[in-house]
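Descriptive analysis of the structure
Listed below are the residues making up each chain.
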Amino acid sequence: MWRLRRAAVACEVCQSLVKHSSGTKGSLPLQKLHLVSRSIYHSHHPILKLQRPHFRTSFQQFSSLTNLPLRKLKLSPIKYGYQPHRNFWPARLAARLLKLRYLILGSAVGGGYTAKKTFDQWKDMIPDLSDYKWIVPDIVWEIDEYIDLEKIRKALPDSEDLAKLAPDFDKIVESLSLLKDFFTTGHKLVSEVIEASDPLLLLGSPGETAFRATDPGSESDKPYRKVSDKEKIDQLQEELLHTQLKYQRILERLEKENKELRKLVLQKDDKGIHHRKLKKSLIDMYSEVLDVLSDYDASYNTQDHLPRVVVVGDQSAGKTSVLEMIAQARIFPRGSGEMMTRSPVKVTLSEGPHHVALFKDSSREFDLTKEEDLAALRHEIELRMRKNVKEGCTVSPETISLNVKGPGLQRMVLVDLPGVINTVTSGMAPDTKETIFSISKAYMQNPNAIILCIQDGSVDAERSIVTDLVSQMDPHGRRTIFVLTKVDLAEKNVASPSRIQQIIEGKLFPMKALGYFAVVTGKGNNSESIEAIRDYEEEFFQNSKLLKTSMLKAHQVTTRNLSLAVSDCFWKMVRESVEQQADSFKATRFNLETEWKNNYPRLRELDRDELFEKAKNEILDEVISLSQVTPKHWEEILQQSLWERVSTHVIENIYLPAAQTMNSGTFNTTVDIKLKQWTDKQLPNKAVEVAWETLQEEFSRFMTEPKGKEHDDIFDKLKEAVKEETIKRHKWNDFAEDSLRVIQHNALEDRSISDKQQWDAAIYFMEEALQARLKDTENAIENMVGPDWKKRWLYWKNRTQEQCVHNETKNELEKMLKCNEEHPAYLASDEITTVRKNLESRGVEVDPSLIKDTWHQVYRRHFLKTALNHCNLCRRGFYYYQRHFVDSELECNDVVLFWRIQRMLAITANTLRQQLTNTEVRRLEKNVKEVLEDFAEDSEKKVKLLTGKRAQLAEDLKKVREIQEKLDAFIEALHQEK
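Read on for an overview of the structure. (Residues numbered from 1 in each chain as written. Predicted model: local features only at pLDDT ≥ 70, side-chain atom pairs only at ≥ 80, totals over all residues. Heavy atoms only, no water.)

1. A look at the sheet that holds strand β2 (residues 345-351)
- On the basis of which strands lie adjacent, the open sheet formed by nine strands has the order β4-β3-β5-β2-β6-β1-β7-β8-β9 and mixed pairing. Each edge of the sheet is formed by a strand with only one pairing partner; in this case those strands are β4 (366-367) and β9 (515-518).
- Bridge analysis of strand β8 (residues 480-485) against β9 gives four bridges, and the strand direction is parallel. Considered in β9, the bridge of V483 is made with F517. (Pairing = 2+ DSSP bridges. Helix = DSSP H or I, 4+ residues; strand = E, 2+ residues; numbered from the N terminus.)

Now the structure itself:
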């Protein structure tokens, strides 16, 4: 066998030498060739007879772009070995040329026929595509009308230019020949080596032999060293750790790629590339259910058993930092040792294309990739916390709802609670510790709540308070996840690393947990970014002894693994409990609907918002009814109210002082002066006050007036509050007084009474005013002197000692007035002495001031009676007034004064009525709308003003229905996701 192999190799070498020498002058001696190779040159060799191979002399290439033939490639003629010298070579050459011509002609005819037959067969095999012509657009068939193909063909290079770009095949053939010569020479040398060597060497490969010959460090040369079991275990643990870290990095890389791809998909959805209606995510639907529940059941009693992740821990244990690492953003206010979480913060994590945060009651989005938005978000959270905390308190149970969206976030709902404290420090309310405990228990006592217990690893475990609290709420640890923070500090400070293992395994605490995790939340610098903290955490655990010594497993470290585990536990709890909660709310809804049907069978179920809208419409209708008040009614009530306000000033300060004068000229002068002063200082302001009070009275009358059977007393408190707030906000136009002052001054300047009717009206007005004053004076005198003899006999009433003294003084002063009916308004000092001595002679001791007070009322009654008598005399004085009281002893200037006052009142009332109907009623209506809008945004106001069992029952029904509908939608979406 090996001899045949040697012959074949020798034959190949000889053939290569013959081919290499072809085309050159001279010949190789046949004796120097191999025995097998001689047959190439001698056609009658006895061993082997080989046929001459057929070679193609030329070939032609075509371009698919222009269908133009390329340049023909010239190949070197091939000569087949050594030919012996012949004598008739011209004849033989001519015969062969003729034979070649026939062969070419026959081949051309036969090949053409064969090609035509083959083309016809292929053509028959191709299906008829004319029926599918409609698939191709019409523009393809008409493309020559739009594109000039001839112009494009001319613009393309010629075949000669394209041929220049083609490679030089002659050079390529020459290079390949040289390369083949090189390998042929190598084969020859190998053949010689094999021929001279032992045939047994053919069993081994040359590469393997060379490797063994050149390997200086073979195993046979190394000394044998025994490896201990401990070194083997350490080596295996190190390899296992490196393998875990390698796969962890691969997993992180894949998660990052998945995160980017999901971000692109979500961005396409946001841009509307997929024209479809995007449904809410599961976590958003679940968060809405919790928000409605928090409004319906703020105390978190047995009604609310839906799962949520409750983050509890001692103060400064790192609760907020763990939550920020899970949310991948530093969203909470920072502080050094002080209490920063003052109220529960519900954070809903969901996946989205952009890393943003927004509050439940706000539409503003905070971009968490920008530092200024992060600072604004932290400031807003701090403001909301301080707003929730009532005066005199440190923490508040009111929840702040925040949604955080971003690519790669684990979907869950977390509640960050205030840190548990052991001692109340200065500046805190005395009940702060108890309040924090009650808030934490209220959230943790939910049997479906997942408790994320945060323990500071840098402090002694015995100082922890939260572990006892958690063990009370979840003694079996079926829904508790224990997290040890600041493990880097713990590893540095703790002398025995096994203590950390005991903490992680829960052996130092009475608390049991579903899982144990160790995390690092930074180096203690508040300015660190989330990426820097994550890199530091991964670097720490890669080099940590806790992993190398197998105290911790790889899945128990890093906040990334923690968030995955918490999310899985959260959704497992949701799937197990949500349907049971839905059934509970169905039963609650049935009970509430039954109670409503039994108590309010004919009333529609209206919650507080709907009741408020109904009351709002009623109030606005009542305000509009103000514009339907007739002008006559406005002017009458304005004139009457204004006179009641200014009558005392007119009588006491204008009429009485002027009436004490001796003649008409002095009377008119005094009246004009006092009216001018009054108009400039007090009258316009008093008129505006009267108009505003009148508007309030009419507004109140319309608001409180019962509407018969349609009246609903549930709106009474709301209407009263709206009325009071509107009146408080409304202010009369400041320019009204200036315009009113001019009008009143002009009205009081007019003294011309045009007809008898106006004269009689002035007398009637004067009589009413004086009779009212006289009646008030009679009442004052009666109160001063006590009941008269009729009342004493009929009603068994007696006078007091003081009233007796006043009665004796009154009788003495009346005697003096009878003697002098034209007595002036003031008593002289000698007259006071005379009256006092007369009373002392009868045994009555009086004080001079008592005499003056009694005289004021007695003289006032005497003056008013005299003025009324004079008024009756002036009824026929209009004729003398027209003649300016010439040749007449009757003077009726007081009637003219009251006519001026009456006319001023009428003009003022008309002016105020115009201001009311044209301006103030509209401004009042605007204020009412503003008050109603403010009340509509204040839910606490609605609860306070719309009270009663009916409102509360309708409110509960609405909330329960909304919760049930959202729960049903969530459960349906949850089943679809499965």
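Moving on from the model shown.
2. Comments concerning the pairing of strand β7 (residues 450-456)
- β7 sits mainly inside the fold: seven of its seven residues count as buried.
- Side chains I450, L452, I454 and D456 of β7 all project onto a buried face; the interleaved residues I451, C453 and Q455 project onto the opposite face, where all are buried too.
- When strand β1 (residues 309-313) meets β7, the two strands line up parallel, connected through five bridges. Looking across to β7, one finds that V310 is bridged to I451.
- Pairing of β7 with β8 involves six bridges; the strand directions are parallel. Bridging across to β8, D456 finds its partner in T485. (Buried < 20%, exposed > 50% of the residue type's maximum accessible area, 1.4 Å probe, protein only.)

3. What about the nonpolar core?
- Of all hydrophobic cores here, the largest spans 101 residues; its most connected members are W643, Y655, W678, L695, W759 and I901.
- With 17 residues, helix α32 (residues 893-937) is the single largest residue contributor to this core.
- Of all hydrophobic cores here, the second largest spans 67 residues; its members include L282, V322, I331 and I454. (Core = buried A, V, L, I, M, F, W, Y, C linked by side-chain atoms within 4.5 Å.)

4. Quick word on a nonpolar patch on the surface
- There is a patch of nonpolar side chains on the surface, built from W789, W793, L794 and Y795 and spanning about 610 Å² of accessible area.
- Structurally, Y795 is set in helix α27 (residues 789-795).
- What makes Y795 exposed here is its relative accessible area of 55%. (Patch = residues over 30% accessible without salt bridge, like charges linked within 9 Å, V, L, I, M, F, W, Y side chains within 5 Å. Areas by Shrake-Rupley, 256 points an atom, 1.4 Å probe, with all protein chains shown as cover. Salt bridge = Lys/Arg side-chain N within 4 Å of Asp/Glu carboxyl O.)

5. With respect to a negative patch on the surface
- A contiguous patch of negative charge on the surface is contributed by E398, E930, E933, E937, D938 and E940.
- Broken down by element, the residue count for the negative patch peaks at three residues, all from α32.
- Structurally, the position occupied by E937 is in helix α32. (Lys, Arg positive; Asp, Glu negative; His and termini not counted. Charge placed at Lys NZ, Arg CZ, Asp CG, Glu CD.)

6. Topic: the packing of aromatic side chains
- Applying the stated criterion across every chain, the model contains 14 aromatic pairs.
- Ring geometry for F482 against Y516: centres 6.0 Å apart, planes inclined by 55°, an arrangement best described as tilted. Of this pair, F482 sits in strand β8 while Y516 is found in strand β9, placing the two residues 34 residues apart along the sequence. Considered together, F482 and Y516 belong to a single accessibility category, that of buried residues.
- Ring centres of F765 and F898 lie 6.0 Å apart, and the angle between their planes is 65°; this geometry places the pair in the edge-to-face category. Here F765 is found in helix α26 (residues 756-785), whereas its partner F898 is found in helix α32, with 133 residues between them in sequence. The two residues F765 and F898 agree in class, both being buried.
- Aromatic ring contacts, followed pair by pair, group W643, Y655, F765, F863 and F898 into a single cluster.
- Taking NZ or CZ as reference, R384 lies 4.0 Å from the ring centre of F359, over its face. (Phe/Tyr/Trp six-rings, centres within 6.5 Å; stacked < 30°, edge-to-face > 60°. Lys NZ or Arg CZ within 6 Å of the ring centre and 35° of its normal.)

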